[in-house]
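Commentary on secondary and tertiary structure
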Amino acid sequence: MTAAVARLETRPQILPAPHPAQAAVQATPVLEARGLTLDYAGAKGRHRAVEDVSFSVAAGERLVLLGPSGCGKSSILKALAGFLKPAAGTVQIRGKAITGPGPDRIVVFQEFDQLLPWKSVRDNVAFPLRVARKMPLKEARARAEAALVKVGLARALDAYPHTLSGGMKQRAAIARALATDPDVLLMDEPFAALDALTRRTLQDDLLALAEEQGFTLVFVTHAIDEAVLIGTRLHLLAAHPGRTLATFDTAAFGISARGTPAFEAVVRDVHNLIFADGGHHV
Amino acid sequence: MTAAVARLETRPQILPAPHPAQAAVQATPVLEARGLTLDYAGAKGRHRAVEDVSFSVAAGERLVLLGPSGCGKSSILKALAGFLKPAAGTVQIRGKAITGPGPDRIVVFQEFDQLLPWKSVRDNVAFPLRVARKMPLKEARARAEAALVKVGLARALDAYPHTLSGGMKQRAAIARALATDPDVLLMDEPFAALDALTRRTLQDDLLALAEEQGFTLVFVTHAIDEAVLIGTRLHLLAAHPGRTLATFDTAAFGISARGTPAFEAVVRDVHNLIFADGGHHV
Amino acid sequence: EGVLRIAQQFGTLYTPFHVLREKGLIEKHGKELGIDIKVEWIRLSGGGAVNDALLSGSIDIASAGIGPFLTIWDKTRGTAQEVKIVGAFGAQPNFLLTNNPNVKTIKDFTDKDKIATPAAGVSVQARILQMAAEQAFGPGNAKKLDPLMVTLPHPDATAALIAGGTEITTHLSNPPFQNQALKDPKVHKVFSSYDVLGGPATPTVAYTTVKFRQENPKTYKAFQDAFAEATKWVDENKKEAAEIYVKVEQSKLDPAFIAEVLSDPEVTYTLVPLGTIKFADFMNRIGAIKNKPTSWKEFTFEELHSASGS
Amino acid sequence: MSDTTVSGSGLADAAHARSTETVRPRTEAPARLSPRAALGWLWGFTVVRRAVVLAALAALWQVAAVWQSNPLLFPTFTDTMSALASALSEGDLLPAALASLAVLVKGYVLAVALALVLVSAAIAVPFLKEVLLTLTAMFNPLPAIALLPLAMLWLGLGEASLLLVMVHAVLWPFALAALTGFEQVPETQRLVGRNYGLKGLSYVALILIPAALPSLLSGLKIAWAFAWRTLIAAELVFGVSSRAGGLGWFIYRNRNELLTDRVFAGLVTVILIGLAVEVLFRAVEQRTVRRWGLQR
Amino acid sequence: MSDTTVSGSGLADAAHARSTETVRPRTEAPARLSPRAALGWLWGFTVVRRAVVLAALAALWQVAAVWQSNPLLFPTFTDTMSALASALSEGDLLPAALASLAVLVKGYVLAVALALVLVSAAIAVPFLKEVLLTLTAMFNPLPAIALLPLAMLWLGLGEASLLLVMVHAVLWPFALAALTGFEQVPETQRLVGRNYGLKGLSYVALILIPAALPSLLSGLKIAWAFAWRTLIAAELVFGVSSRAGGLGWFIYRNRNELLTDRVFAGLVTVILIGLAVEVLFRAVEQRTVRRWGLQR
Ligand SMILES: Nc1ncnc2c1ncn2[C@@H]1O[C@H](COP(=O)(O)OP(=O)(O)OP(=O)(O)O)[C@@H](O)[C@H]1O
Ligand SMILES: Nc1ncnc2c1ncn2[C@@H]1O[C@H](COP(=O)(O)OP(=O)(O)OP(=O)(O)O)[C@@H](O)[C@H]1O
Ligand SMILES: [Mg+2]
Ligand SMILES: [Mg+2]
């Protein structure tokens, strides 16, 4: 372990829930999961996807969920978005239980089919501005165009989603989320389908925007360097069912840290921690 | 440039087509694209996705297509698979023009919805064995199970695709392709949705299998290190429209080379070549 | 009072209604009684629909075959909805026609012959055939020919008969279809309903509820008078009546042909029901109606009782 | 209903509406029940919910009929039920219903098979698709009455003609639903099938039919209903020699004799058969499209 | 047809069949044409292909009718056309067709709107879905005849009753198609809508309806056909108050006068209207679902 890892717990400390009155005095976390357990009901009974996961994200923080395929990262994100109801534990936003989805938490999904097929790329990006931000059409479109140019889709403004490549679809979805100027942003492997160059540009853009707008971010990725770069905190998960493995504080590493020895060292640490589990299949 | 790069051409050399009789004497390449140009017809006329791309893949070779999002990698793969008809140029398999898809070229698609939703994971993997390899049901299932265990899906044999996570879907698709014992394998970003550990294991498995079975592989990825590791040759593409930028010979780097300084050096070279284009958006 | 909704079906049988309508007779008789009557004509097809319309209060005067009438009379007798006949549409014969030269009498049918009637088994025509069967084969054999009966509307049956080449060889028909069919040399008559019923019969009647007559005596009277006048007029002016029919119906048929149909010597124009009691007896005997009327007067309004009906 | 309790938006709605309630129980009764909880538990069974709906409809009917008090046009529920019972015990209704069902199933299967053949051909050859669409646009709106003379000329009276009319009723709508279903199959699944060398019939059977099953099932349900409607109407107008009448004939005869309660008894029979078939379809859906996540 | 010439398997098939041919020309005629190429170029137009199909059908009809030589049951195509021409010129047919169309459109729009409301409610509340499915299973197979007495009782004769019967004909099948369409909407698109805070009507209008448009259009086509069938049948039974008869009445009247060629002229009118509506639907599909890649 290098000194760069400010805090590393093999088991996260779950603090006793503060008294509500007390909590109000302290800064309430924007998002908080306590003992979160998620089940899926299948033909053969319940399937436990996530068990007893706790974390809290303060305003402006960027929490990265990192873990093997199938460990429940997307499920946790969906619980935060209000799509899944906890089987046990709670998920809260600013101290209130999350009871359903809403435009205060904009989501970028993992799936390629999250663009609405019946809208051009431009209108897809303008859509949440129109319905959730009630923006006039012209303004929404202009803003959408700007966001799309930023993700390199200037040529595809009028294209329909089914004519886009996989990476282009994901970029459009990212543009759509960022254009809404969200308070809380939940992103599920948004850069997974992107090439190194595009990915790097978008990482930089995302971090710059986070600085500028100060949104709170929960970010799922499987790339360790990306996790260290994007996150102010890393939440490592193990699979079957999804449990917390460890948390890292990586607030020290911003854009400028990319490629520095300290950065590489943390990446290697996390890498080793994950791989320590053994080279066998998850 | 380091010495590790055996051959680097900023423009690929397009050889004049050999006389058929001659070609038969030489080893016919398994796959060959000559002046391949691909168009999509849209509402506003044709959209050129790929222009004048040429390469050939000999038996047992592993060609990696690398390039920015939207540069036409998937389109080229679909042309090789027989799903797209060239607007100009030719695609050939063993010297014969490709006129349609067939089970001699098994494809792993980029999309998450390539599993058949009405079949359990096991039956999805057994499906091509049944219809293309005419295997008896029991044998096909046994083989499917073995392939699924290898990609870490032993727990999900009876699950239906819609209950899988993104990464699990992709792993099942990979298992399906590998189980068919293919002659030619066309893979479109198969590992993009996978975490570091799983990805590494599967890369190793794929290379081991390639050694063992000697299949011919065309592999699309956007991860440079993966490209260098998997490929015996790299084909770099630029976008708008997709054109050949350069080719690299990377046959020297196998599993054991991973992480060696020489390996890292090639990765850096390719990285620089791509990024030399400027940090601007594609 | 003052509003009259009349249901009319299709065909030359209903010519008195055409005349009634074209000449504004109801309105005229209404004025004579000191009321303005607004008449609404409604086209329906089939006795079932007409009965439903009457029962639901959608129409005031119904016109349909004697069969549907007896059915509704049977069911409503003694209730608030009791119906009675206002007048008949004249006596007209129904012919059993065939294009099978081997059939001379009703006993000559074989399994190869199919006899078309509207609503096999239950329509007026079907009842006539059943009565004929009973007379030919003896009591209890009324349904002997039922297996040969098929349901086919008159126009299709007539077309099949004339055209030939189908299984339909025989049709218990209706004017003007039987007049049309008989023009074809291949088609001949086996019997007339007059033979079966023992004399002229009125197959079609106009009827309404007792309640309507009580509540709208003047309107009812105006209609009754107009109907009588129209019937009489048709009898006297067949040619003009045919023209009126063609005009109202916007028919493509030749007026001369209609006039010929109307002038058939077997047709008599009278409001008084004929042959109905025999029909009712038969229907009661085979269980189609539960009440057995002792006289035709039981199911007609008093205005007609002075005449000699049956 | 989806068998996933956590099926995204649906659940989110439920959570909104009653975030304090627990998930609806399904199989095991709680050990000890308050009366309210017991009701809630019962409510978890489809059969119970169905029965409640049916009972409510019956009550509505009864009230409306009593209030209307016009038994010749609109008999009460109880009258209808006793007419149904007597029609059943007299051995009148059941043979009629069975006779109709036999013809119905024949026509239905014939039409569905024919439609699948036509649609498969249309999928393979673009020109045939155009032909099929043109034919459908032309013939689908035509009432059965239009076919009568031709059926008579070519097929004679009797079952063959009846079948022709039924095939006409079922073929076009089902072909439309099937074609749309096939054309909606996601591109990737199509490509997968082609990739494994599937062509022609095996492609249709192994890829298109399962992938389009939701649309096919909905088409089958619609077609089933129209087969009934047509059969009953056709039995009246056409092709019934008075011996072997079906349910349509039963209804028509009784209507002609103004035995309205028996007419309604016949209609209730149609309804009951419809409900039974719906249960069947539901079971198929539960085991297929819902299990596969193709339909919620 | 898709407007993408390179739409996966379809193209692959085409490539199989005629790998040497060039892609079918669409708009610009080649500068110089061999007669064969000219035909091929013409063939590229939907209108031309349609016309050929229709001409072939007409020829078939003519041959069959001449061979059958039974004008009372089956008039020839040419006879029908001249009857059509004379009926049109006499000003007989057009008003009838327009009268029918007016009622038809009213009933259709009413039923479709009602179905959308019901299905939206069913999507929001699982119990209502159950109710809707039960009602559909019960009422869909019922022939219009079942509604007749009730319609008369409650709505009297005339348009209201006619509309009720038409709504009955259209409502259930369209509701089934719409419900299936809504339930097939991909989970992710549903979640996206919810994420942006869409609920109730706006969720249905902005997410479910466009996403389910292929199924909805197919349902609309089916419903349209049944509206016609029902209207024509119902016009006979319900008749017409005063002069204004519709197309059904026109057909019935001419049938009663054994003017079979005019009957067929009426039927041809139904067919022609059907074709016109199909062209309309096709245009809508071209601009929506095919353009969006939701349907090939
Ligand atoms: N709709 C569903 N129904 C049933 N089980 C599901 C469903 N979605 C996910 N699961 C199960 O829940 C577990 C966690 O899935 P999840 O999608 O959250 O994983 P993940 O961490 O996002 O994986 P990946 O990195 O592969 O996307 C998996 O075992 C998966 O099979
Ligand atoms: N079905 C289609 N119709 C029209 N255009 C398409 C279609 N599919 C792809 N394209 C266009 O072709 C170009 C290349 O797409 P392709 O999918 O081959 O890119 P790619 O290299 O695979 O990108 P990625 O890495 O993002 O998957 C893009 O500009 C895209 O918009
Ligand atoms: Mg995931
Ligand atoms: Mg791609």
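Before reading on, note that the structure itself is shown above.
Just so you know, the residues in each chain are numbered from 1, in the order the chain's sequence is written. Starting at A for chains and at 1 for ligands, labels are handed out in the order in which the entities are written. Since the coordinates come from a predicted model, pLDDT governs what is reported: local features require at least 70, and pairs of side-chain atoms require 80 or more to be given and counted, while whole-chain, interface and lining totals use all residues. Side-chain calculation: all heavy atoms of the structure are included, whereas hydrogens and water are not.

What to know about the overall build of chain C
Under the convention used in this document: In DSSP terms, a helix is any run of H or I states spanning at least four residues, a strand is any run of E spanning at least two, and both are numbered starting from the N terminus. For every residue, the accessible area obtained with a 1.4 Å probe (protein chains only) is divided by the maximum for its type, and the residue is called buried under 20%, exposed over 50%, and partly exposed between those limits. Two residues qualify as a contact provided that any one of their heavy atoms is within 4.5 Å of a heavy atom in the partner residue. Accessible surface area values rest on a Shrake-Rupley calculation with a 1.4 Å probe, where residue burial reflects the displayed protein chains alone.
Of the regular secondary structure elements, chain C holds 13 helices and ten strands. Principal-axis analysis of the C-alpha atoms gives chain C an extent of 60 × 45 × 30 Å. Per-residue burial over chain C gives 68% buried out of 310 residues. Long-range pairs, those at least 24 residues apart, make up 75% of the contacts in chain C between residues at least 6 apart in sequence. Accessible surface, chain C: about 10,700 Å² in total, of which carbon and sulfur atoms supply 51%.

What to know about the overall build of chain A
Summing up its helical and strand segments, chain A has eight helices and eleven strands in all. The buried share of chain A, taken over its 282 residues, is 60%. In chain A, the proportion of contacts linking residues at least 24 apart, taken out of those at least 6 apart, comes to 68%. Accessible surface computed for chain A: about 10,800 Å², of which carbon and sulfur atoms make up 54%.

Focus: the interface of chain E and chain D
Note the cut-off: For this analysis, a salt bridge means a side-chain nitrogen from Lys or Arg found within 4 Å of a carboxyl oxygen belonging to Asp or Glu. Polar contact is the term for a pair of N or O atoms within 3.5 Å; when the atoms are in protein, one must be able to donate a hydrogen and the other to accept it, and sequence-neighboring residues count only if both atoms are side-chain atoms.
Listed per partner, the contact involves 76 residues of chain E and 77 residues of chain D. Note that D:Arg49 is salt-bridged to E:Glu130, the shortest N-O span being 3.1 Å. At the boundary of chain E and chain D, one finds 14 residue pairs in polar contact (both at pLDDT 80 or more). Among the secondary structure elements, those contributing two or more residues to the side of chain E that touches chain D are α1 (9–17), α3 (46–68), α6 (126–139), α7 (148–155), α8 (159–183), α9 (187–195), α11 (213–238) and α13 (260–287) of chain E.

Some words on the coordination of the magnesium ion (ligand 3)
Residue and element names in this part refer to chain A. Let me state the cut-off plainly: Metal donors: N, O and S atoms at distances within 2.8 Å, or within 3.2 Å for Na, K and Ca, with water omitted from the atom set so that some sites may seem incomplete.
The magnesium ion (ligand 3) binds to the protein through Ser74 (OG) and Gln110 (OE1); the donor distances cover 1.9 to 2.2 Å. Of this pair, serine 74 sits in helix α2 (residues 73–81) while glutamine 110 sits in the loop between β7 (105–108) and α3 (121–131), and the two are 36 residues apart along the sequence. Residue serine 74 is classed as buried on the basis of its relative accessible area, which comes to 19%.

Notes on the relation of the copies chain E and chain D
Note the following rule: When the copies are superposed, the least-squares fit draws on C-alpha atoms of residues that have pLDDT of at least 70 in both.
Superposing chain E onto chain D takes a rotation of 180° combined with a translation of 0.1 Å along the rotation axis, leaving an RMSD of 0.2 Å. Expressed as an axis order, the relation between the two copies is that of a two-fold axis. For chain E, the minimum C-alpha distance to the rotation axis belongs to E:Ser215 and amounts to 3.8 Å.

Considerations on the site of ligand 1
Quick note on the threshold: Residue proximity to a molecule or strand is established when one non-hydrogen atom of the residue lies within 4 Å of it. Residue polarity follows a fixed list, in which Ala, Val, Leu, Ile, Met, Phe, Trp, Tyr, Cys and Pro are nonpolar, Asp, Glu, Lys and Arg are charged, and the others, Gly among them, are polar.
The full set close to ligand 1 counts 19 residues, and A:Lys73, A:Ser74, A:Ser75, B:Ser165 and B:Gly167 are the nearest of them. Nearby residues around ligand 1 are contributed by chains A and B. Here an oxygen atom of ligand 1 sits 2.9 Å away from a polar atom, N or O, in the main chain of A:Gly72. In the environment of ligand 1, an oxygen atom lies 2.7 Å from a nitrogen or oxygen atom belonging to the backbone of A:Lys73. Broken down by secondary-structure element, the contributors of at least two residues to the shell around ligand 1 are β3 (45–57) and α2 of chain A together with α5 (166–179) of chain B. Its residues assigned to classes, the shell around ligand 1 shows five nonpolar, twelve polar and two charged.

As for the pattern of salt bridges
A complete count under the given rule lists 66 salt bridges over all chains for this structure. Among the ionic pairs, A:Glu32 bridges to A:Arg34, the shortest N-O distance being 3.6 Å. Owing to a relative accessible area of 16%, A:Glu32 belongs among the buried residues under this scheme. According to the relative accessible area criterion, A:Arg34 is partly exposed, its value standing at 26%. A salt bridge links A:Arg141 to A:Asp123; the nearest nitrogen and oxygen atoms lie 2.9 Å apart. Placement of A:Arg141 in helix α4 (residues 137–150) and of A:Asp123 in helix α3 is noted, with a sequence separation of 18 residues between them. Shared partners join several salt bridges into a network, and the residues in it are C:Lys252, E:Glu90, E:Asp92, E:Arg253 and E:Arg262.

Structural notes on the site of ligand 2
Ligand 2 sits among 19 residues. The nearest are A:Ser165, A:Gly167, B:Lys73, B:Ser74 and B:Ser75. In this structure, ligand 2 sits where chains A and B come together, each supplying nearby residues. About the coverage of ligand 2: the protein hides 89% of its 630 Å² of free accessible area. For the shell around ligand 2, the elements supplying multiple residues, two or more each, are α5 (166–179) of chain A together with β3 (45–57) and α2 (73–81) of chain B. Looking at the shell around ligand 2 residue by residue, the class counts come to five nonpolar, twelve polar and two charged.

Considering the sheet that holds strand β4 (residues 83–88) of chain C
All names here are of chain C. Inclusion rule: At least two bridges found by DSSP between two strands is the condition for calling them paired. Only C-alpha atoms enter the line fits that serve as axes; for helices the fit covers just the stretch in contact. Angles between N-to-C directions range over 0 to 180 degrees.
The sheet built from three strands is open, its strands ordered β3-β10-β4 with antiparallel pairing. Strands at the two margins of the open sheet, each flanked by one partner only, are β3 (62–65) and β4. Ignoring which end each strand starts from, the neighbouring axes of this sheet average 40° apart. The pairing of β4 with strand β10 (residues 204–209) spans five bridges and is antiparallel. Note on β10: the bridge partner recorded for isoleucine 85 is tyrosine 207. Docked against the sheet, helix α4 (residues 66–76) engages β3, β4 and β10, running at close to 155° with respect to β4. Sheet contacts for helix α10 (residues 217–236): β4 and β10; angle to β4, the most-contacted strand, approximately 30°.

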